[in-house]
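# A structural walkthrough
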Amino acid sequence: MQTGKDAAAAAKAGMEKTKASVQEKAERMTTRDPLKKEMASEKKEDRVAAAEMDKQSAKAQHAAEKHGRTSTTGVGATGTGTTGTGYGATF
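The structure contained in this document is the topic of the report that follows. (Residues numbered from 1 in each chain as written. Predicted model: local features only at pLDDT ≥ 70, side-chain atom pairs only at ≥ 80, totals over all residues. Heavy atoms only, no water.)

## Regarding the overall build of the chain
We apply this condition: Under the DSSP-based scheme used, a helix requires at least four consecutive residues in state H or I and a strand at least two consecutive residues in state E, with every element numbered from the N terminus. Exposure is judged per residue with a 1.4 Å probe applied to protein chains only, and the accessible area is read against the type maximum: over 50% gives exposed, under 20% gives buried, and values in between give partly exposed. The contact rule is simple, with two residues in contact once any of their heavy atoms fall within 4.5 Å. In this description, accessible areas are obtained by the Shrake-Rupley approach with a 1.4 Å probe, and a residue is regarded as covered only by the protein chains that are shown.
A tally of regular secondary structure across the chain gives 2 helices and 0 strands. The buried share among the 91 residues of the chain stands at 13%. Look at the contacts in the chain between residues 6 or more apart in sequence, and 55% of them connect residues 24 or more apart. With the model as given, the accessible surface of the chain reaches about 7,100 Å², and the carbon-plus-sulfur share is 58%.

Right, here's the structure in full:
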């Protein structure tokens, strides 16, 4: 299931990157001001970087979820969950 989630995160990041590129091209075509064109390019680069960071974060979270499911047993280090004997033992 992790690879499916990773694929979905990659697809979402790809869509965000494409959307950023299209918006940049539209902004560059509608202005003649070189400063505004440069600002559009910088804005696109920021959005692309944010999409990539979101993708990497999602992948890390999926890996952590997978690791958490396989390694937790719910039992204490002694195997019993208690440190004393009889009634009133502490955890």
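## A few points about the environment of Ala-11
For Ala-11, the location among the structural elements is in helix H1 (residues 2-30). It is 9.0 Å that separates the C-alpha atoms of Ala-11 and Lys-55, two residues lying 44 residues apart in sequence.

## Notes on the pattern of salt bridges
The test is simple: Salt bridge criterion: a side-chain nitrogen from Lys or Arg within 4 Å of a carboxyl oxygen from Asp or Glu.
One pass over the full model with this rule turns up 6 salt bridges. Two residues, Glu-65 and Lys-5, come together in a salt bridge whose shortest N-O distance is 3.4 Å. Within this pair, whereas Glu-65 is found in helix H2 (residues 34-71), its partner Lys-5 is found in helix H1, the two being separated by 60 residues in sequence. On the basis of relative accessibility, which here comes to 30%, the residue Glu-65 falls in the partly exposed class. Exposure remark for Lys-5: the relative accessible area of 32% places this residue in the partly exposed category. Residue Lys-17 is joined to Glu-52 by a salt bridge in which the shortest nitrogen-to-oxygen separation is 2.6 Å. Note that Lys-17 is positioned in helix H1 and Glu-52 in helix H2, a separation of 35 residues in sequence. According to the relative accessible area criterion, Lys-17 is partly exposed, its value standing at 26%. In this structure Glu-52 comes out as partly exposed when scored by relative accessible area, which is 25%.

## Describing empty space enclosed by the protein
Short version of the rule: Lining residues are those with an atom within 4 Å of a point, where the points come from a 1 Å grid over the protein atoms alone and group into cavities, where a 1.4 Å probe fits but cannot get out, or pockets, open sets with protein on both sides within 12 Å along at least five of seven lines. Grid points are joined across faces, edges and corners, and a volume is the space filled by probe spheres set on the points. Classification used: nonpolar for Ala, Val, Leu, Ile, Met, Phe, Trp, Tyr, Cys and Pro, charged for Asp, Glu, Lys and Arg, polar for all others including Gly.
Inspection of every chain in the model, using the stated rule, returns 2 cavities of 30 Å³ or more. As a volume, the largest cavity reaches approximately 50 Å³. Forming the boundary of the largest cavity are Ala-20, Gln-23, Glu-24, Glu-27, Ala-40, Lys-43, Lys-44 and Arg-47. Residues that form the lining of the largest cavity fall into these classes: 2 nonpolar, 1 polar and 5 charged.

## Details of the side chain of Ser-41
Structurally, Ser-41 can be placed in helix H2. For Ser-41, a relative accessible area of 13% gives the class buried. Contact partners of Ser-41, with chain neighbours within four places excluded, come to Glu-24 and Arg-28.

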